[in-house]
Each structure stands twice: as C-alpha cells, then as structure tokens.
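# Fold and contact review
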Amino acid sequence: QVQLVESGGGLVEAGGSLRLSCAASGSIFGINVMAWDRQVPGKQREWVATITNSGSTNYAGYVKGRFSISRDDAKKMVFLQMNNLNPEDTAVYYCQMMVRDESGVWRATWGQGTQVTVSS
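Described in the following lines is the structure provided in the data block. This one's a predicted model, so the numbers in the text were calculated from it and none came from an experiment.

In this section: the overall build of the chain. Secondary structure summary: the chain contains 0 helices and 11 strands in total. Across the chain, helices and strands are ordered from the amino to the carboxyl terminus as β-β-β-β-β-β-β-β-β-β-β. Its C-alpha radius of gyration of 14 Å places the chain within 12% of the 14 Å reference for a compact globule of 120 residues. In terms of overall dimensions, the chain has a C-alpha envelope of 50 × 25 × 25 Å along the principal axes. Expressed as a percentage of its 120 residues, the buried residues of the chain come to 42%.

Given below as structure tokens:
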C-alpha cells in the first residue's frame, strides 16, 4: 500500500506564488510518471502538469509559463511551483504517481489533496 501526502497549499493573493509538495511512502519499488491535477467542488477534475521518469514535462495550456513541475526521486517527491497565481487557480490540488509494488504491478495513486485559494 502506498500513501501520497500533499502539502504547501494555502491562501495567497493574486500574483503571488506557492510551492506544492507531495511525498510518497509505503512499499514502493519504482515510480514512473508523476503529475498534478486540480479540482473545484462540483466540477470535473482537470490535469495540470506531468513529469516523466526521464524528466520530460507537459503542462495544461492555462498554467504553461506560470507553473513548473519537478521531481526528486531520492526523496520520492514531486513538486509544483506556482507563480503569478490568479483566482481561477483556486482549487484542491492532487498529486498522482504511477507506483510499482513488490509484485511488479503498476498502480496509479493519488493523495488527499491540498487546498489552494487565491484572493483578488
């Protein structure tokens, strides 16, 4: 069983910055793709950014140029640096990792989320 825990969310004024962190723990024998999603209550969860095990990144168009995803495999962590935030970025942010367990099975795992609120 693998557990992911996000942190770093909070209240920030428009134009400000936040850095989200996500740490994985448990029986992990490999981690491939890491990603961040976000969701507003009552709305569809949307993809924000992805980083592969080789370091290739992809971003949703509405965050490209403002957000940056990175990873630290030694610490089993993924980060999301968010700059020039605007109220439309307000959401619960979830990290996702593709994790390999002891039997060699890859599983997509999500954390419980961290709230990001951007005020005008």
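With that settled, consider the sheet that holds strand β7 (residues 67–72). Adjacent strands of a sheet pair through backbone hydrogen bonds, lying either parallel or antiparallel. Spatial ordering of the open sheet is given by β1-β3-β8-β7, a layout of 4 strands whose pairing is antiparallel. Only two strands of the sheet have a single neighbouring strand rather than two, namely β1 (2–7) and β7. Strand-to-strand twist in this sheet, taken as the mean axis angle between neighbours without regard to direction, amounts to 15°. Bridging between β1 and strand β3 (residues 18–26) involves 6 bridges; their strand directions are antiparallel. Of the residues in β3, the one forming a bridge with Ser-7 is Ser-21.

Attention shifts here to the side chain of Thr-109. As for its placement among the helices and strands, Thr-109 is situated in strand β10 (residues 106–110). For Thr-109, a relative accessible area of 13% translates into the label buried.

With a phi close to 55°, Lys-76 is a non-glycine residue in the positive phi region. Its location among the elements puts Lys-76 in the loop between β7 and β8 (77–82). For Lys-76, a relative accessible area of 30% gives the class partly exposed. For Asn-84, which is not a glycine, the phi torsion comes out positive at approximately 50°. By secondary structure assignment, the location of Asn-84 is in the loop between β8 and β9 (91–100).

This part covers the nonpolar core. Counting 29 residues, the largest nonpolar core has Trp-36, Val-78, Leu-80, Met-82, Tyr-93 and Met-97 as its most contacted members. Counting residues per element, the ones that place at least two in this core are β3, β4 (30–39), β5 (46–51), β7, β8, β9 and β11 (114–119). With 5 residues, β9 is the single largest residue contributor to this core. Not counting chain neighbours up to four residues away, the residues in contact with Tyr-93 comprise Glu-6, Leu-20, Trp-36, Asp-37, Arg-38, Val-48, Phe-67, Leu-80, Met-82, Gly-113, Thr-114 and Val-116.

Cut-offs applied
Residues numbered from 1 in each chain as written. Predicted model: local features only at pLDDT ≥ 70, side-chain atom pairs only at ≥ 80, totals over all residues. Heavy atoms only, no water. Helix = DSSP H or I, 4+ residues; strand = E, 2+ residues; numbered from the N terminus. Rg over C-alpha atoms; globule rule 2.2 N^0.38 Å. Buried < 20%, exposed > 50% of the residue type's maximum accessible area, 1.4 Å probe, protein only. Pairing = 2+ DSSP bridges. Axes fitted to C-alpha atoms, helices over the stretch in contact; angles between N-to-C directions. Core = buried A, V, L, I, M, F, W, Y, C linked by side-chain atoms within 4.5 Å. Contact = heavy atoms within 4.5 Å.

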